Amino acid sequence: ALNYSGRLLKWFRDTYPNGEFELHNGGIGATGSIIGGGRMQEDILQYEPDLIIIEFACNDGVTAIETESYDAVIYRALTAKNNPAVMLVYFCRNDGGSSQLVEIPIGKKYDLPMISYNNWFKQAKKDDLIKWEDISPDVVHPNDRGHAVAAALITHRLELVKANLDKIDRTEAPVPESISRFVNQMLKNSQNYTPVSSGSFVPATKQYYNFNSLSNGWTAEAGNTEPLVFETESQVVTLVFKRQLNSPGAKLQVIVDGKQVMIIDSNGGMSEYADLRTIIDRQETTKVTVELRLTEDSPPNSKFLLLGIVE
């Protein structure tokens, strides 16, 4: 593969021809660290990887809750039972924007190697060596040349490690404690979780993504308003849903302990992708009841696809 992870796999196989290497690319486009953290055990950690590369700089924002979830992803990677190495990578958009500035302090907290495609691009552009159009077909995704650059930046760091193995202090430092409320969160779906009541929602059966974690949620069609009900003691609860573009998206009413907290409209957008809304954000761990029901004014023939509940 010509993406940076495929090129990295090739580097390992070329550098260590007698080794055995597998690649598990857990990335899903347009998703950030809240969804990524919820999928972590099922889609990454169960494979016991020796090296985990974490990149959410383009899809995470700079809000406190996103930096908190990013911290938890790093902490969970570092405390995995097989003790993997962890590296942080920061991509960027065509304007140089990303969440790098709020993520770098977290990387420093955990004393991790950090690779900034963002910094490389800004310097190369300043030196008039490259234009964004040379490395990307749109506002964010690298083309083959962009992926080659990213792979080169990562493998350069690995080459430095390889060249200095005899000088590296191998004493394991304790992992700093994470104060994030996300460290034990998982993405619950119709295959691993049974709500109090499914109401008008039925298990989704279509494979929307390459990962079962985001392809086994629940779906309901307009005109059916019996709520999906679940109870939770979690401090943070996030709904992951499919943004509908090619077919009408329904509206979802979210009620917590009898009070409406928001209406989620799944219709429209630039593309179809896994969107999210955090419906509970608190410090308490008291039990609350959540009801999810389609609104009566949802467009005819529309549907709401709940991909999962992260809590």
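Cut-offs applied
Residues numbered from 1 in each chain as written. Predicted model: local features only at pLDDT ≥ 70, side-chain atom pairs only at ≥ 80, totals over all residues. Heavy atoms only, no water. Helix = DSSP H or I, 4+ residues; strand = E, 2+ residues; numbered from the N terminus. Polar contact = N/O pair within 3.5 Å; in protein donor to acceptor, adjacent residues only side chain to side chain. Contact = heavy atoms within 4.5 Å. Core = buried A, V, L, I, M, F, W, Y, C linked by side-chain atoms within 4.5 Å. Buried < 20%, exposed > 50% of the residue type's maximum accessible area, 1.4 Å probe, protein only. Pairing = 2+ DSSP bridges. Axes fitted to C-alpha atoms, helices over the stretch in contact; angles between N-to-C directions. Left-handed = near helix turned anticlockwise from the far one by under 90°. Nonpolar A, V, L, I, M, F, W, Y, C, P; charged D, E, K, R; others polar. Phe/Tyr/Trp six-rings, centres within 6.5 Å; stacked < 30°, edge-to-face > 60°. Lys NZ or Arg CZ within 6 Å of the ring centre and 35° of its normal. Salt bridge = Lys/Arg side-chain N within 4 Å of Asp/Glu carboxyl O.

A look at the side chain of S180
Phase 1 of the analysis: Within the element layout of this structure, S180 appears in the loop between helix 7 (144-163) and strand 4 (187-188).
Phase 2 of the analysis: In this structure the side chain of S180 is engaged in a polar contact, spanning 2.8 Å, whose partner is the backbone oxygen of E68.
Phase 3 of the analysis: Beyond its immediate chain neighbours, meaning those up to four positions away, S180 contacts E68, S69, D71 and A72.

Overview of the nonpolar core
Nonpolar side chains in soluble globular proteins generally cluster together in the buried interior.
Phase 1 of the analysis: Within the largest apolar cluster, 39 residues are counted, with the highest numbers of intra-cluster contacts made by I54, Y70, I74, L88, L214 and V240.
Phase 2 of the analysis: Secondary-structure elements contributing two or more residues to this core are helix 2 (33-43), strand 1 (51-54), helix 3 (64-78), strand 2 (85-90), helix 4 (100-109), strand 8 (236-242) and strand 13 (303-310).
Phase 3 of the analysis: Top contributing element to this core by residue count: helix 3, with 8 residues.
Phase 4 of the analysis: Contact partners of I74, with chain neighbours within four places excluded, come to I54, L88, I106, Y110 and L112.
Phase 5 of the analysis: With 23 residues, the next largest nonpolar core counts W218, V290, F304 and L306 among its residues.

A closer look at the sheet that holds strand 7 (residues 228-232)
Phase 1 of the analysis: In space, the 4 strands of this open sheet follow the order 7-12-9-10, with antiparallel pairing throughout. Two strands bound the open sheet, and with one partner strand each, they are strand 7 and strand 10 (259-265). With strand direction ignored, the average angle separating the axes of adjacent strands in the sheet is 20°.
Phase 2 of the analysis: In this sheet, strand 12 (residues 288-294) lies alongside strand 7 in antiparallel orientation, the contact comprising 5 bridges. Bridge pairing links T232 to V288 in strand 12.

Points about the packing of helix 3 against helix 4
Phase 1 of the analysis: Direction vectors running N to C along helix 3 and helix 4 enclose 30°, while the axes themselves pass 10 Å from each other. With respect to the hand of their crossing, helix 3 and helix 4 are arranged in right-handed fashion. Of helix 4, the residues touching helix 3 (which contributes T67, Y70, D71 and I74) are V102, E103, I106 and K109.
Phase 2 of the analysis: Within the contact of helix 3 with helix 4, the residues separate by chemical class into 4 nonpolar, 1 polar and 3 charged.

Digging into the packing of aromatic side chains
Any aromatic ring pair is given by two values, namely how distant the centres are and how the planes are angled relative to each other.
Phase 1 of the analysis: Taken as a whole and judged by the stated rule, the model has 8 aromatic pairs.
Phase 2 of the analysis: Their ring planes at 40° and their centres at 4.7 Å tell us that F91 and Y117 sit as a pair that is tilted. Of this pair, F91 sits in the loop between strand 2 and helix 4 while Y117 sits in helix 5 (residues 117-126), placing them 26 residues apart in sequence. Here F91 matches Y117 in class, with each residue buried.
Phase 3 of the analysis: Connected via pairs of aromatic rings, a cluster forms that spans Y4, F91, Y117 and W120.
Phase 4 of the analysis: Across the ring face of F211, the terminal group of R39 is positioned such that the distance to the ring centre comes to 4.7 Å.

Quick word on the sheet that holds strand 1
Either a parallel or an antiparallel arrangement is found when strands of a sheet pair, and the pairing is made through backbone hydrogen bonds.
Phase 1 of the analysis: Strand order in the open sheet made by the 3 strands is 1-2-3, with parallel pairing throughout. A single partner strand is all that each edge strand has here, and the edge strands are strand 1 and strand 3 (114-116). Within this sheet the neighbouring strands show an average axis-to-axis angle of 20°, counted without direction.
Phase 2 of the analysis: Relative to strand 3, strand 2 runs parallel, the two being bridged by 3 bridges. Residue pairing across strands places Y90 opposite S116, the latter belonging to strand 3.

Let's talk about the pattern of salt bridges
Phase 1 of the analysis: Scanning the model with the defined rule gives 13 salt bridges in all.
Phase 2 of the analysis: Residue D281 pairs with R181 through a salt bridge whose shortest N-O separation is 2.8 Å. One end of the pair, D281, is in strand 11 (residues 274-281); the other, R181, is in the loop between helix 7 and strand 4, and 100 residues separate them in sequence.
Phase 3 of the analysis: Judged by its relative accessible area of 16%, R181 is buried.
Phase 4 of the analysis: Linked by salt bridges that have partners in common, E68, R181 and D281 make up one network.

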